[in-house]
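Here is how the chains run, residue by residue.
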Amino acid sequence: MALKAIGNGVGGACHMTPRACLHPKSSLSLRMVERKESEKEMGPSPSSSNPQDQFKGLRSGDLEKNARALTRDCNSLPKPLSSMDCLTSSDGSAIRAAYQGSPGSFSEDAALKAYPHCVRVPCEHFEVALKAVELWHVDRAVLPIENTSVGSIHRNYDLLLSHRLHIIGEVQIKVDLCLLALPGAKKEDIQRVFSHLQAFQQCEKSISDLKAIRINFEDTASAAQLIAERGMRDAGAIASARAGELYGLKILQNKLHDEDANITRFLVLSREPILPKTYGPFKTSIVFTLEEGAGMLFKALAVFALRNINILKIESRPLRTSPLRLVDDLNHGTAMYFEYLFYVDFEASMAETRAQNALGHLQEFSKFLRVLGCYPVDTLL
């Protein structure tokens, strides 16, 4: 049976062999020339003794200003990163990493773990961070995808499919939530608490005991910043200890989260994929839809079990372009069924034959299949 094409995440299609999905390897000098040309289009970089001072936060309007100049034809995109390219900036000093929130947020902590010496670029929203990568404002975006206490971040799963980026890494960090307030404030004085909705969900029991009004905010660090700037002595923020240090707040209560093991997993995204390896633990993330019929999901998952491939995670999201499937029945009227996208993480590299064969098998009964990325497994430090 002839295989259907798999989307490669850059607007084109390719067959199963992973090296065929990647453009032919080009020289590092050619990529440097392409980057220099793109930087000329963007204008000179601002000069500063501290590279972090160059970025005061990206907003949606900032990206649209240069969109026309930075839009590129897919055929002119740079070639995939090789292992040699990664060695040239192993400490991340030449990398600009975008994250959602203000300095001191957990997303910034994830960017620092991925690239300890990178230039961090705070962004207004998650989508702004991803657009910043697409439009060449930054090199990487760090996106939270799931938490051990509250589960998956569904909005960010949808963003993975709506942007032409590749997952090139993952970062797991332990999230320690603290109750912060202005110096001199006492816990019993707190009448309002500002934080992100996910942070409230991660420390539901502790917040209930506090008996304060909860006010949702864009991110944890921005909540701490607001209290410091406005001198709100009757308010507290749930954020990291580092955010407290940055904005001059003191810790009223440490380890506010309900579960001791409160881990958030982040994805690192780039314009170019990395070359998969056959050594070391690798993970592959895909998304697909299935043909109609009984047992189709069972068949989809069986392609991995038959090849001894461990499935690490499966997530379903509504297919927004066609959310309902109508089935006419002459005797019982019209039935409506939801249509789904299935996101799967499995423990294998696309450089392995078994992974290629599994996806080739999956294509036989899937309507759509896209490899989101193949990347090394992260360990919690």
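Just so you know, these numbers come straight off a predicted model, no measurement behind them.

What counts, and where the lines are drawn
- Residues numbered from 1 in each chain as written.
- Predicted model: local features only at pLDDT ≥ 70, side-chain atom pairs only at ≥ 80, totals over all residues.
- Heavy atoms only, no water.
- Phe/Tyr/Trp six-rings, centres within 6.5 Å; stacked < 30°, edge-to-face > 60°.
- Helix = DSSP H or I, 4+ residues; strand = E, 2+ residues; numbered from the N terminus.
- Buried < 20%, exposed > 50% of the residue type's maximum accessible area, 1.4 Å probe, protein only.
- Axes fitted to C-alpha atoms, helices over the stretch in contact; angles between N-to-C directions.
- Parallel < 35°, antiparallel > 145°, perpendicular 65-115°, else oblique.
- Left-handed = near helix turned anticlockwise from the far one by under 90°.
- Contact = heavy atoms within 4.5 Å.
- Nonpolar A, V, L, I, M, F, W, Y, C, P; charged D, E, K, R; others polar.
- Polar contact = N/O pair within 3.5 Å; in protein donor to acceptor, adjacent residues only side chain to side chain.
- Pairing = 2+ DSSP bridges.
- Right-handed = clockwise from strand over helix to strand, strands pointing away.

Trainee: Honestly, the packing of aromatic side chains in this entry has me stumped. Any pointers?
Mentor: Describing an aromatic ring pair means giving the distance of the ring centres and the angle of the ring planes. Tallying each qualifying case throughout the model produces five aromatic pairs. Between Tyr157 and Tyr343, the ring centres sit 5.1 Å apart and the planes meet at 65°, which makes this aromatic pair edge-to-face. Of this pair, Tyr157 sits in helix H8 (residues 154–162) while Tyr343 sits in strand E18 (residues 340–347); the two residues are 186 residues apart in sequence, bridging distant segments of the chain. Judged by relative accessible area, Tyr157 falls into the buried class, the value being 5%. A relative accessible area of 4% means that Tyr343 is categorised as buried. Here the aromatic residues Phe288, Tyr340 and Phe342 are joined through ring pairs into a cluster of three or more.

Trainee: What is the right way to read the packing of helix H7 (residues 126–134) against H8 from this model?
Mentor: Between two packed helices, what matters for the description is the angle formed by their axes and the separation of those axes. Where H7 contacts H8, the axes come no closer than 11 Å and their chain directions differ by 25°. Classed by the angle they form, the pair H7 and H8 counts as roughly parallel. In this structure, H7 meets H8 at a crossing whose hand is right-handed. Contacts between H7 and H8 involve Phe126, Glu127 and Leu130 from the first element and Arg155, Asn156 and Leu159 from the second. Residue composition of the contact of H7 with H8, by class: three nonpolar, one polar and two charged.

Trainee: Honestly, unusual backbone geometry in this entry has me stumped. Any pointers?
Mentor: As a rule of thumb, non-glycine residues mostly have phi less than zero, and peptide bonds are mostly trans rather than cis. One non-glycine residue, Lys211, adopts positive backbone phi at about 55°. Along the chain, the position of Lys211 falls in the loop between helix H10 (204–210) and strand E10 (213–216). We classify Lys211 as exposed; its relative accessible area is 76%. A positive phi is found at Asn308, a non-glycine position, where the angle reads about 60°. One can find Asn308 in the loop between helix H13 (296–305) and strand E15 (310–318).

Trainee: Is there a simple way to explain the environment of Val121 in this structure?
Mentor: Within the fold, Val121 resides in strand E4 (residues 119–123). Along the chain, Val121 and Arg140 lie 19 residues apart, while their C-alpha atoms are 9.7 Å from each other.

Trainee: I tried to follow the side chain of Arg96 on my own but got confused; where do I start?
Mentor: Locating Arg96 in the fold gives a position in strand E3 (residues 96–100). Residue Arg96 is classed as buried on the basis of its relative accessible area, which comes to 18%. Among the polar contacts listed, one links the side chain of Arg96 to the backbone oxygen of His137, at a separation of 3.1 Å.

Trainee: Explain the sheet that holds strand E11 (residues 235–239) to me, please; I cannot follow it from the model alone.
Mentor: Each strand in a sheet pairs with its neighbour through backbone hydrogen bonds, running either in the same direction (parallel) or in the opposite one (antiparallel). Spatially, five strands are ordered E10-E9-E11-E8-E12 in an open sheet, and the strand pairing comes out mixed. Each edge of the open sheet is held by one strand with a lone partner, namely E10 and strand E12 (250–253). Neighbour to neighbour, the strand axes of the sheet diverge by 35° on average, direction disregarded. Where helix H11 (residues 220–230) meets the sheet, its contacts fall on strand E8 (178–181), strand E9 (192–195) and E11, and the angle it forms with E11 comes to roughly 155°.

Trainee: Sorry if this is basic, but what is going on with the pairing of E3 here?
Mentor: Remember that side chains alternate between the two faces of the sheet whenever the strand is regular. In terms of burial, E3 is a largely internal element, five of the five residues being buried. Neither face of E3 is left uncovered, since the one carrying Arg96, Ala98 and Gln100 and the one carrying Ala97 and Tyr99 both have all their residues buried. Of the strand pairs in this sheet, E3 and E4 are connected by five bridges, and their pairing is parallel. Across the sheet, the residue bridging to Arg96 is Val119, located in E4. Handedness of the crossover joining E3 and E4 through helix H6 (residues 106–114) is recorded here as right-handed. Pairing geometry for E3 and strand E5 (residues 140–147), over two bridges, is parallel. Following the sheet pairing, Ala97 is matched in E5 by Arg140.

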